[in-house]
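Next come the chains, spelled out residue by residue.
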Amino acid sequence: LTTALSVRRRDEGEAWLSCRSPGKPTLYGSLTRRGLSTEGVPDIAASEGFVVGEVTKKSILISCPHENVSTKFLAPYTTFCRIHQKSITCLDISSGGGLGVSTSTDGTMKIWQAANGEIRRLLEGHVYDVNCCRFFPSGLVVLSGGMDAQLKIWSAEDASCVVTFKGHKGGILDTAIVDRGRNVLSCSRDGTARLWDCGKSACLGVIVDCGSPINGIAVGTADNSLNLGMPEKAPSEREVGTEGKILLLAREDKKLQGVGLQSRQPVFLFVGSDAFNCCTFLSSTYILAGTQDGNIYQLDVRNTNAPIQVIHRSGAPVLSLLPYRDGFIASQGN
């Protein structure tokens, strides 16, 4: 887990290699393509210190015997080059897998066919950059948040903006959807996380005001043994699905916080090595959070005094985390 092997293509026939282990000098090398076999599979050689294993038209297995590590590098299954002109900042796929939505530093938010990358809708209405986008569970509606401090709900069918929520004093950095989406959550540079009622286009309350930008949030069902606290007043009948839920807050001030969603009461506060950028639930017990200096913390919500493990593959910021099968996928700024 702690040794990273990476490859970067230099031109059509050559690629750089590097193998990095914590506390050791990085080993560098290169791959060279010498030709093609009769089956059309590349003949690839590695420089000293690296060994090329199985090569197919879609993958290369490379090992570094000195560090006892090997990695299989996969070619993209499909590449869509024409959806955006600049960096993609956020991406989601509908529950059925048919549609994608994405935002970019080119200032656009688009819905496209996941099968072929064909652009279906352009979602226009935010002022300045759009930071985050996600589909509702139905796959027919999109939630977005922007630097204009506005949260918007869109129809994926006709690109109309059906609801705009206003109340944040700073750019919205992340969103979450409670159950099927009658309520949604947002977090902002203004240090607050808010709960919204989609049907009435109203703010149901400030869940937390922590005085530091909240870079990421996640909502999940809490472990039964966890004390989420009691709300100071009876929740509105417009609050749907908040009972028994815990809200995770990835904060700029190096803190990862857990808050009872219905009670608004703090559950835990964990201090990390740097600003937290993102967080997610692996289960009702286990959570993950990633920091600006490249750490991924796995914690047990029942006891957050010490992490179960800290994964550090490089010093690049951890930008997003997603549960996947028995593990997770992480994206980093490198």
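The model shown is predicted, which means the values in this text are computed figures rather than measured ones.

Caption draft 1: Up close: the overall build of the chain. Assigned secondary structure in the chain consists of 0 helices and 29 strands. Taking 2.2 N^0.38 as the reference for a compact globule, 334 residues should give roughly 20 Å; the C-alpha atoms of the chain span a radius of gyration of 22 Å, in line with that estimate. Taken over the C-alpha atoms alone, the chain extends approximately 70 × 50 × 30 Å along its principal axes. Within the chain, buried positions represent 45% of all 334 residues. Carbon together with sulfur atoms contributes 49% to the accessible area of the chain, which is approximately 17,400 Å² in total. Side-chain charges of the chain comprise 34 positive and 32 negative groups, with the mean position of each set lying 2 Å from the other.

Caption draft 2: Up close: the domain arrangement of the chain. What the domain assignment lists for the chain is domain 1 (4-74) and domain 2 (88-332). Its C-alpha centre places domain 1 at a distance of 37 Å from the equivalent point of domain 2.

Caption draft 3: Structural detail: the sheet that holds strand E8 (residues 88-93). Read from one edge to the other, the open sheet built from 4 strands follows the order E8-E9-E10-E11, with strand pairing classed as antiparallel. Where the open sheet ends on each side, the last strands, each with one partner, are E8 and strand E11 (119-122). Shown here is a sheet whose adjacent strand axes are inclined to one another by a mean of 20 degrees, direction ignored. Sheet analysis places E8 next to strand E9 (residues 99-104), joined by 5 bridges and oriented antiparallel. Counted as the bridge partner of Cys90 is Thr103 from E9.

Caption draft 4: Seen up close, the sheet that holds strand E26 (residues 295-300). If you walk across this open sheet you meet the 4 strands as E24-E25-E26-E27, and the pairing is antiparallel. With partners counted over all chains shown, the strands left at the sheet margins are strand E24 (276-281) and strand E27 (309-312), one partner each. Geometrically, the sheet is characterised by an average inter-axis angle of 20 degrees between neighbouring strands, direction not taken into account. Judged from the 5 bridges that link them, E24 and strand E25 (residues 286-291) form a sheet pairing that is antiparallel. The residue bridging Phe276 from the neighbouring strand is Thr291, located in E25.

Caption draft 5: Region of interest: the environment of Gly29. Counting through the fold element by element, Gly29 comes out in strand E3 (residues 27-36). Spatially, the C-alpha atom of Gly29 lies 7.4 Å from that of Gly49, the residues being 20 residues apart in sequence. If sequence neighbours within four positions are ignored, Gly29 has contacts with Ala15, Trp16, Leu17, Ser47 and Phe50.

Caption draft 6: Local environment of the nonpolar core. Membership of the largest hydrophobic core comes to 25 residues, with the highest contact counts inside it found for Val101, Leu123, Phe165 and Val184. For this core, the secondary structure elements donating two or more residues are E9, strand E10 (109-113), strand E12 (130-135), strand E13 (141-146), strand E14 (150-155), strand E15 (161-166) and strand E16 (172-178). At 4 residues, the largest contribution of residues to this core is made by E12. By size, the runner-up hydrophobic cluster in this structure holds 18 residues, among which are Ala218, Leu226, Leu248 and Ala289.

Caption draft 7: Broad picture of the pattern of salt bridges. As enumerated under the stated definition, the model contains 8 salt bridges in all. The shortest N-O distance in the salt bridge between Asp174 and Arg134 comes to 3.5 Å. Placement of the pair is Asp174 in strand E16 and Arg134 in strand E12, with a sequence separation of 40 residues. Residue classification places Asp174 among the buried residues on the basis of a relative accessible area of 15%.

Caption draft 8: Region of the structure containing the environment of Thr285. Examined against the element boundaries, Thr285 turns out to sit in the loop between E24 and E25. Residues Thr285 and Asp300, 15 residues apart in the sequence, show an inter-C-alpha distance of 5.6 Å. In this structure, Thr285 is in contact with Asp223, Leu299, Asp300, Val301 and Arg302, ignoring residues within four places of it in sequence.

Caption draft 9: Structural context of the UniProt feature "repeat: WD" (unreviewed entry) in the chain. The feature "repeat: WD" (unreviewed entry), as annotated in UniProt, sits at residues 81-122, 123-164 and 165-197 in this numbering. For residues 81-122, the helix share is 0%, the strand share is 50%, and the end-to-end C-alpha distance is 16 Å. Note that residues 123-164 is 0% helix and 52% strand, and that its end C-alpha atoms are spaced 13 Å apart.

Reading guide: rules and limits
Residues numbered from 1 in each chain as written. Predicted model: local features only at pLDDT ≥ 70, side-chain atom pairs only at ≥ 80, totals over all residues. Heavy atoms only, no water. Helix = DSSP H or I, 4+ residues; strand = E, 2+ residues; numbered from the N terminus. Rg over C-alpha atoms; globule rule 2.2 N^0.38 Å. Buried < 20%, exposed > 50% of the residue type's maximum accessible area, 1.4 Å probe, protein only. Areas by Shrake-Rupley, 256 points an atom, 1.4 Å probe, with all protein chains shown as cover. Lys, Arg positive; Asp, Glu negative; His and termini not counted. Charge placed at Lys NZ, Arg CZ, Asp CG, Glu CD. Domains from an automatic or database assignment. Pairing = 2+ DSSP bridges. Axes fitted to C-alpha atoms, helices over the stretch in contact; angles between N-to-C directions. Contact = heavy atoms within 4.5 Å. Core = buried A, V, L, I, M, F, W, Y, C linked by side-chain atoms within 4.5 Å. Salt bridge = Lys/Arg side-chain N within 4 Å of Asp/Glu carboxyl O. UniProt positions renumbered as here; feature names shortened; annotations may be inferred.

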